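Working through the structure, step by step
Here are the chains, one letter per residue:
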Amino acid sequence: MMEQEENLNPDEEFAGLLYQLKRLPYNDISGITAIEQAVYRLLAAFSQDLRGLIILLRIKIMLGDHAKAVATAEQIWEKGGNLDDNFEETYIDALLDLGLLEMASVMLKPRFENLSASLPFFYDVMLKFTLIGGSIKFLDKLTASPYAPRREDMIFDFIELYRMMNYGEHFKNIMKIMLEVSKNYLCGFGFNFYNDRGFTDLEIEIYVEKDAYQNLGLSDLIESKAEIYCTSASCKFANNLSFVVKNFAERPAKITA
């Protein structure tokens, strides 16, 4: 056993397991649990390696266990340490999936201060952060940067529309409502932009634990609280913003190519 452990390369082993995990859809329970067992075996040899905990964090999210995922995210936070870009991006993405925006904000602050170095690898997770946080200002800064890896025409239209409507603060407050309503059940966020109606629509996907999806009527609750806010703020709920609550198991694989 000792000889086998000495032959292990933790850099390759952890990176390989993370890559395998990212190729699995969230409904592949047997595949996810097989990787989980492999991570535990590797952690037996490298117990202090944060990369193993980060993979376990993603696994808890993929299995729809919000409480255990949050506990693992906090354990990683308390341990601290340096991470390569691949695992740092994975950790930040997991924090966002759990609605832990303050922790994600601390991680991303230096990334926003150095877009030229950050955007080639961190663009997607930074975009996700700005949308969940409802920040039109940072959404514009990110997508308009010359270092952005792709042109986001529909997002440019969305930003311009909300500026013309003076809707930036309302968007931020509605996203806060969404997060407050769903924060105890979150297992992921997604988003889609559409322009088939002649203007840009934003659909926010909220992935939650099974029981929350079946029993709590979260989409109705988010919409009703958003309507109450809009009435109090003397504005209309934007007809190009919608929320869809889904079972965590409906999420596709991170890597599909």
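Residues numbered from 1 in each chain as written. Predicted model: local features only at pLDDT ≥ 70, side-chain atom pairs only at ≥ 80, totals over all residues. Heavy atoms only, no water.

1. A short note on the overall build of the protein
- Summing up its helical and strand segments, the protein has 13 helices and three strands in all.
- For 257 residues, the compact-globule formula gives about 18 Å, and the C-alpha radius of gyration of the protein, at 19 Å, lands near that figure.
- Referenced to the eigenvectors of the C-alpha coordinate spread, the extents of the protein come out at roughly 70 × 45 × 35 Å.
- Taking all 257 residues of the protein together, 49% fall into the buried category.
- Within the protein, counting contacts between residues at least 6 apart in sequence, those at least 24 apart form 68% of the total.
- Accessible surface computed for the protein: about 12900 Å², of which carbon and sulfur atoms make up 49%.
- Charged side chains of the protein number 26 positive and 38 negative; the gap between the two group centres comes to 4 Å. (Helix = DSSP H or I, 4+ residues; strand = E, 2+ residues; numbered from the N terminus. Rg over C-alpha atoms; globule rule 2.2 N^0.38 Å. Buried < 20%, exposed > 50% of the residue type's maximum accessible area, 1.4 Å probe, protein only. Contact = heavy atoms within 4.5 Å. Areas by Shrake-Rupley, 256 points an atom, 1.4 Å probe, with all protein chains shown as cover. Lys, Arg positive; Asp, Glu negative; His and termini not counted. Charge placed at Lys NZ, Arg CZ, Asp CG, Glu CD.)

2. Considerations on the sheet that holds strand 2 (residues 201-208)
- What the three strands build is an open sheet, ordered 1-2-3; its pairing is mixed. Of all the strands in the sheet, the pair left with one neighbour each is strand 1 (186-194) and strand 3 (241-247). Sheet twist, expressed as the average angle between the axes of neighbouring strands with direction ignored, equals 20°.
- In the sheet, strand 2 pairs with strand 3 via seven bridges, with the strands oriented parallel. (Pairing = 2+ DSSP bridges. Axes fitted to C-alpha atoms, helices over the stretch in contact; angles between N-to-C directions.)

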